[in-house]
Amino acid sequence: MTLATIVDGGALAQVVWVSIAAGLGLSLIFSLAIAGAARASQCRRAGDASGAVVWSAITAICVAACALAVVLGVIVMLHK
């Protein structure tokens, strides 16, 4: 019995690239959420209400995207 009959190389490669993409993507999105929260705070202190609203919206969208990715990941794992 060879290793090729035991291990599905295509599936393994797919797991590797999806894991890398998800890790980098979620890290970038969450970093943008943190930066957005910091910028919103700076805008509020400077009296720029419109800038604060925009950065707060960016923060909320990024946090929601991260939460959605976690929920989607759990759903996918439970259905396999």
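Rules and cut-offs
Residues numbered from 1 in each chain as written. Predicted model: local features only at pLDDT ≥ 70, side-chain atom pairs only at ≥ 80, totals over all residues. Heavy atoms only, no water. Helix = DSSP H or I, 4+ residues; strand = E, 2+ residues; numbered from the N terminus. Expected span 1.5 Å × (residues − 1). Buried < 20%, exposed > 50% of the residue type's maximum accessible area, 1.4 Å probe, protein only. Contact = heavy atoms within 4.5 Å. Patch = residues over 30% accessible without salt bridge, like charges linked within 9 Å, V, L, I, M, F, W, Y side chains within 5 Å. Areas by Shrake-Rupley, 256 points an atom, 1.4 Å probe, with all protein chains shown as cover. Salt bridge = Lys/Arg side-chain N within 4 Å of Asp/Glu carboxyl O. Disulfide = S-S within 2.5 Å.

### Considering helix α2 (residues 9-46)
Then, in step 1: For α2, with 38 residues, the first-to-last C-alpha span of 55 Å sits near the 56 Å given by 1.5 Å per residue.
Then, in step 2: The complete set of buried residues in α2 reads Ala33, Gly36, Ala40 and Cys43.
Then, in step 3: Elements that come into contact with the buried residues of α2 comprise α3 (49-78).
Then, in step 4: In the stretch just after α2, Gly47 is the one whose phi turns positive, near 85°.

### Points about a nonpolar patch on the surface
Then, in step 1: Taken together, the side chains of Leu3, Ile6, Val7, Leu12, Val16, Ile20 and Leu24 make up a nonpolar region of the molecular surface, amounting to roughly 680 Å² of accessible area.
Then, in step 2: Contributing elements (two or more residues each) for the nonpolar patch: α1 (3-6) and α2.
Then, in step 3: Looking at the element boundaries, Val7 is found in the loop between α1 and α2.

### Some words on the side chain of Thr59
Then, in step 1: Within the secondary structure, Thr59 is located in helix α3.
Then, in step 2: On the basis of relative accessibility, which here comes to 15%, the residue Thr59 falls in the buried class.

### Some thoughts on the state of the cysteines
Then, in step 1: This model, assessed by the stated rule, comprises zero disulfides.
Then, in step 2: Free cysteine Cys62: the closest other cysteine sulfur is in Cys66, separated by 6.9 Å.

Read these as layout, nothing more, since geometry by itself doesn't imply function.
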